[in-house]
Amino acid sequence: MPTDPAIAEEPDIRAIDGWTLREFAEVTSTNSLAAHLPPWTAVRATVQTAGRGRTGRRWISDENGLWLSAVLPTPGDPARWSLLPLAAGWAALSVIRALGLPDARLCWPNDILVGRRKLGGILVDRFSADAAVIGIGLNVANRPDLVDPALNGKTARLADLLPDTPAVISLLLRLLAALTREHDRLESGDASGLCRDLNHAWLHRHVHVTLAGGSGAISGHLEGIDPAGALLLREAAGGLHALPAHRVDLLREVLPT
Ligand code: BTN
């Protein structure tokens, strides 16, 4: 039986490359629905009525976008999985770049941007110690700005960036394969390849970081992450800060005007 109060339907279920994919027409949030599903299950919905973004924001999830949640196992030492939110960002970015968008980029921790506009976002939920739900939202041919005019000029969608709009299901398959690949890298216990890829993807950017708990702010150049996932931020005076994710409230890029 469905567990989401918004669902009056049974999903279409199919097995793909080690994943069980459950597809719905409408749910509240695919992440919420995936909360109690076993690892290697993925949930996709055509529409989310209460899509969730990071830091409690809502995520507009209108028809013709990709709204996907994938449950990954995270057994053993939790430290091994501390890079998972960043790895998920890299997985999604690598799929998008391979579509023919080499300038798509990550904004820490895992926003996917083209120029200053947001193409996609990732929300990682931990409902249990031994699994993580990776929620990926990607604007494909949907129009979030028509649903929320405040998003006008702030969002990007693949339909405007590519000569041919990719089918949502083909994007989904590529994303699941990329998540499997990054999960395998973390499971191997050697995150050096992932750190290298991420540090290349960050490029050196001027950022302003608001520290958690009202403990101030730091401006500087983002030099990347260390092997534990801490942000490496170099101040103009030369000092290097290693900031674990829990110490960062907000990172804002300072872009040239
Ligand atoms: C963000 O950038 O704030 C994260 C957005 C994450 C949106 C996706 S869509 C699929 C999954 N289900 C949700 O409710 N949220 C994530």
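Just so it is clear, the structure is predicted and the values come from calculations on it, not from any experiment.

Topic: the site of the ligand
Piece 1. Around the ligand lies a shell of 20 residues, among which Ser29, Gln48, Arg52, Arg54 and Lys118 are the nearest.
Piece 2. Taking threonine 30, its side chain carries an N or O atom lying 3.1 Å from a nitrogen atom of the ligand.
Piece 3. Take glutamine 48: an N or O atom from its side chain is 2.9 Å from a nitrogen atom of the ligand.
Piece 4. Taken by itself the ligand offers 420 Å² of open surface, and the protein chains cover 100% of this.
Piece 5. Looking at the shell around the ligand, the elements that each hand over two or more residues are α1 (30-34), β4 (66-73), β7 (117-128) and β8 (131-138).
Piece 6. Per element, the largest residue contribution to the shell around the ligand is four residues, and it comes from β7.
Piece 7. Taken together, the residues of the shell around the ligand break down into five nonpolar, ten polar and five charged.

Details of helix α6 (residues 192-202)
Piece 1. Every buried residue belonging to α6 is among Gly193, Leu194, Cys195, Leu198, Ala201 and Trp202, and all of these are buried.
Piece 2. Contacts made by the buried residues of α6 are with α2 (84-98), β5 (105-107), α5 (168-187), β9 (205-211) and β10 (217-225).

Section: the nonpolar core
Piece 1. With 64 residues, the main nonpolar core has Leu66, Ile134 and Leu158 as its most contacted residues.
Piece 2. Of all the elements, α2 adds the most residues to this core, at ten residues.
Piece 3. Non-local contacts of isoleucine 134, meaning those with residues more than four positions away in its chain, are made with Asn31, Leu68, Ser69, Ala70, Leu72, Leu84, Ala88, Ile122, Leu123, Val124 and Leu179.
Piece 4. Grouped together as the second largest cluster of nonpolar side chains are nine residues, Phe24, Ala34, Val71 and Ala131 included.

Here's the deal with the pairing of β4
Piece 1. The buried fraction of β4 is high, at eight of eight residues.
Piece 2. Burial along β4 is two-sided: Leu66, Leu68, Ala70 and Leu72 facing one way and Trp67, Ser69, Val71 and Pro73 facing the other are all buried.
Piece 3. Where strand β3 (residues 41-48) and β4 come together, four bridges link them in antiparallel fashion. Looking at β4, one finds that alanine 42 is bridged to alanine 70.
Piece 4. The pairing of β4 with β8 spans eight bridges and is classified as antiparallel. Bridging across to β8, serine 69 finds its partner in glycine 135.

As for unusual backbone geometry
Piece 1. A cis geometry characterises the amide bond from tryptophan 108 onward to proline 109, with omega recorded as 0 degrees.
Piece 2. For proline 109, the location among the structural elements is in the loop between β5 and β6 (111-114).
Piece 3. The residue threonine 55 is not glycine, and still its phi comes out positive at about 50 degrees.
Piece 4. Examined against the element boundaries, threonine 55 turns out to sit in the loop between β3 and β4.

Examining the packing of aromatic side chains
Piece 1. If you walk through the whole model with that rule in mind, you get one aromatic pair.
Piece 2. On the numbers, 5.0 Å between centres and 75 degrees between planes, the contact of tryptophan 19 with tryptophan 40 is edge-to-face. Taken as a pair, tryptophan 19 in strand β2 (residues 19-27) and tryptophan 40 in the loop between α1 and β3 lie far apart in primary sequence, 21 residues in all.

A closer look at the sheet that holds β7
Piece 1. Read across the sheet, eight strands follow the order β1-β2-β3-β4-β8-β7-β6-β5 without closing on themselves; strand pairing throughout is mixed. Two strands lie at the open edges of the sheet, namely β1 (12-16) and β5, each paired on one side alone. Taking the axes of each pair of neighbouring strands and ignoring which way they run, one obtains an average angle of 25 degrees across the sheet.
Piece 2. Here β5 runs beside β6; their pairing, made up of three bridges, is antiparallel. Of the residues in β6, the one forming a bridge with arginine 105 is leucine 113.

Some thoughts on the side chain of serine 94
Piece 1. With respect to the helices and strands, the residue serine 94 is situated in helix α2.
Piece 2. A relative accessible area of 15% means that serine 94 is categorised as buried.
Piece 3. Side chain to side chain, serine 94 and arginine 181 meet in a polar contact 3.0 Å long.
Piece 4. Contacts of serine 94, omitting those with residues within four sequence positions, involve Ala178 and Arg181.

Analysis parameters
Residues numbered from 1 in each chain as written. Predicted model: local features only at pLDDT ≥ 70, side-chain atom pairs only at ≥ 80, totals over all residues. Heavy atoms only, no water. Near = heavy atom within 4 Å. Polar contact = N/O pair within 3.5 Å; in protein donor to acceptor, adjacent residues only side chain to side chain. Areas by Shrake-Rupley, 256 points an atom, 1.4 Å probe, with all protein chains shown as cover. Helix = DSSP H or I, 4+ residues; strand = E, 2+ residues; numbered from the N terminus. Nonpolar A, V, L, I, M, F, W, Y, C, P; charged D, E, K, R; others polar. Buried < 20%, exposed > 50% of the residue type's maximum accessible area, 1.4 Å probe, protein only. Contact = heavy atoms within 4.5 Å. Core = buried A, V, L, I, M, F, W, Y, C linked by side-chain atoms within 4.5 Å. Pairing = 2+ DSSP bridges. Phe/Tyr/Trp six-rings, centres within 6.5 Å; stacked < 30°, edge-to-face > 60°. Axes fitted to C-alpha atoms, helices over the stretch in contact; angles between N-to-C directions.

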